[in-house]
Amino acid sequence: MQRHPGFHSPARQQGATLVIAMLILVLIMMIGVTAVSTSNTQYKLAGNLQFESAAMNNAEAAVVTAENWLLTNAAHAGFSTYSAQATPQLYPLVSSAAVITAPLTATWSDSNSLSANGGSQRYVIQMMSTNNLLQGSSAAVGRQGMSVCNKVNTFLITGRGTSVRGAVKFVQSYFSVFSC
């Protein structure tokens with residue numbers, strides 16, 4: 001029997017190719033598991049951002065609801081005295097006992113705010129000032145006086161929005177309404 005160079009008998013083969021192939025397969029499997037784990041984390045992060053965005057939209061919608069309410073009800077009696085039963089969302093100009101001083105830590109409920117949309121949107125309105133003269137406004141044109149309204153009442157609106165998974169966002173807005 002003639003031997004060719006590089007040819008070894010079956011008894012001399014050690015199985016090194018099998019071991020190297022198994023190591024490469026384990027390495028590829030670990031890379032695949034890492035990729036799946038990373039993509040799962042990214043998926044959760046994207047979902048959380050979506051829920052935070054929904055909470056912010058709800059807070060902004062609550063503020064818009066309060067602004068629309070103020071346009072027609074700015075002279076409401078609830079701004080003269082606080083009533084938790086009648087108007088829990090309205091806070092007068094000076095009230096030591098009935099002000100949400102820390103909206104981030106307050107418990108928002110029907111006793112201190114108004115639901116704008118089934119609980120996911122709530123707001124409170126606090127009167128900040130009355131009969132302020134608008135800056136740069138003048139009732140005089142030329143030498144003739146005009147009877148125009150240039151006084152406003154200013155309100156601080158705090159809107160709170162929540163999402164399905166419990167994300168909470170707050171939006172505050174100063175809103176002025178003509179007082180004459």
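Shown above is the structure to which this text applies.
Parameters at a glance
- Residues numbered from 1 in each chain as written.
- Predicted model: local features only at pLDDT ≥ 70, side-chain atom pairs only at ≥ 80, totals over all residues.
- Heavy atoms only, no water.
- Helix = DSSP H or I, 4+ residues; strand = E, 2+ residues; numbered from the N terminus.
- Buried < 20%, exposed > 50% of the residue type's maximum accessible area, 1.4 Å probe, protein only.
- Contact = heavy atoms within 4.5 Å.
- Lys, Arg positive; Asp, Glu negative; His and termini not counted.
- Salt bridge = Lys/Arg side-chain N within 4 Å of Asp/Glu carboxyl O.
- Core = buried A, V, L, I, M, F, W, Y, C linked by side-chain atoms within 4.5 Å.
- Expected span 1.5 Å × (residues − 1).
- Pairing = 2+ DSSP bridges.
- Polar contact = N/O pair within 3.5 Å; in protein donor to acceptor, adjacent residues only side chain to side chain.
- Phe/Tyr/Trp six-rings, centres within 6.5 Å; stacked < 30°, edge-to-face > 60°.

Asker: So what's going on with the overall build of the chain? Which residues, and what values?
Answerer: Of the regular secondary structure elements, the chain holds one helix and seven strands. Reading the chain from its N end, one meets helices and strands in the order α-β-β-β-β-β-β-β. In the chain, buried positions account for 28% of the 180 residues. In the chain, the proportion of contacts linking residues at least 24 apart, taken out of those at least 6 apart, comes to 59%.

Asker: Outline the side chain of glutamate 67, supporting the account with residue identities and numerical values.
Answerer: Structurally, glutamate 67 is set in helix 1 (residues 16-73). Although buried, glutamate 67 forms no salt bridge, and the nearest oppositely charged side chain, arginine 122, lies 18 Å from it. Once residues within four sequence positions are removed from consideration, glutamate 67 is found in contact with Ile157, Ser173 and Phe175.

Asker: Explain the nonpolar core to me, and be specific about the residues and the numbers.
Answerer: Of all hydrophobic cores here, the largest spans 17 residues; its most connected members are Trp69, Leu70, Phe79, Ile125, Phe155 and Ile157. At the level of secondary structure, the elements contributing two or more residues to this core comprise helix 1, strand 3 (121-133), strand 6 (151-162) and strand 7 (168-178). Of the residues forming this core, the biggest block, six residues, is contributed by helix 1. Phenylalanine 79 has contacts with Trp69, Leu70, Asn73, Ala74, Leu90, Tyr91, Pro92, Leu93, Ile125, Met127 and Phe155, leaving out every residue within four places of it along the chain.

Asker: Can you explain helix 1? Please cite residues and give values.
Answerer: Across its 58 residues, helix 1 extends 86 Å between first and last C-alpha, which sits within 8% of the 86 Å expected from 1.5 Å per residue. The set of residues buried in helix 1 consists of Gly47, Ala55, Asn58, Ala59, Ala62, Val63, Ala66, Glu67, Trp69 and Leu70.

Asker: Could you give an account of the pattern of salt bridges, with specific residues and numbers?
Answerer: For the coordinates displayed, the defined rule picks out two salt bridges. Notably, a salt bridge pairs arginine 122 with aspartate 110, separated by 2.6 Å at the nearest N-O pair. Of this pair, arginine 122 sits in strand 3 while aspartate 110 sits in the loop between strand 1 (90-91) and strand 2 (114-115), and the two are twelve residues apart along the sequence. Its relative accessible area of 59% is what places aspartate 110 among the exposed residues.

Asker: Describe the pairing of strand 6, and please don't skip the residues or the numbers.
Answerer: Counting buried positions along strand 6 gives eleven out of twelve residues, so the element sits mostly inside the fold. Here ten bridges tie strand 3 to strand 6, and the two strands are oriented antiparallel to one another. Residue isoleucine 125 lies in a different strand from strand 6, and its bridge partner there is isoleucine 157. Pairing of strand 6 with strand 7 involves eleven bridges; the strand directions are antiparallel.

Asker: I'd love a proper account of the side chain of asparagine 112, names of residues and values included.
Answerer: Among the secondary structure elements, asparagine 112 is positioned in the loop between strand 1 and strand 2. A polar contact is formed between the side chain of asparagine 112 and the backbone oxygen of threonine 107, at a distance of 2.8 Å.

Asker: An account of the packing of aromatic side chains is requested, with residue identities and associated values reported.
Answerer: Applying the stated criterion to the full structure yields one aromatic pair. Judged by centre distance (5.9 Å) and plane angle (50 degrees), the ring pair of tryptophan 108 and phenylalanine 170 falls under tilted. Residue tryptophan 108 is found in the loop between strand 1 and strand 2, and its partner phenylalanine 170 is found in strand 7; the two are separated by 62 residues along the sequence. Assessed through its relative accessible area of 24%, phenylalanine 170 is described here as partly exposed.

Asker: Break down unusual backbone geometry for me, with residues and values.
Answerer: Phi is positive for asparagine 131, close to 50 degrees, though the residue is something other than glycine. Mapping asparagine 131 onto the fold places it in strand 3. On the accessibility criterion, asparagine 131 (46% relative accessible area) is partly exposed.

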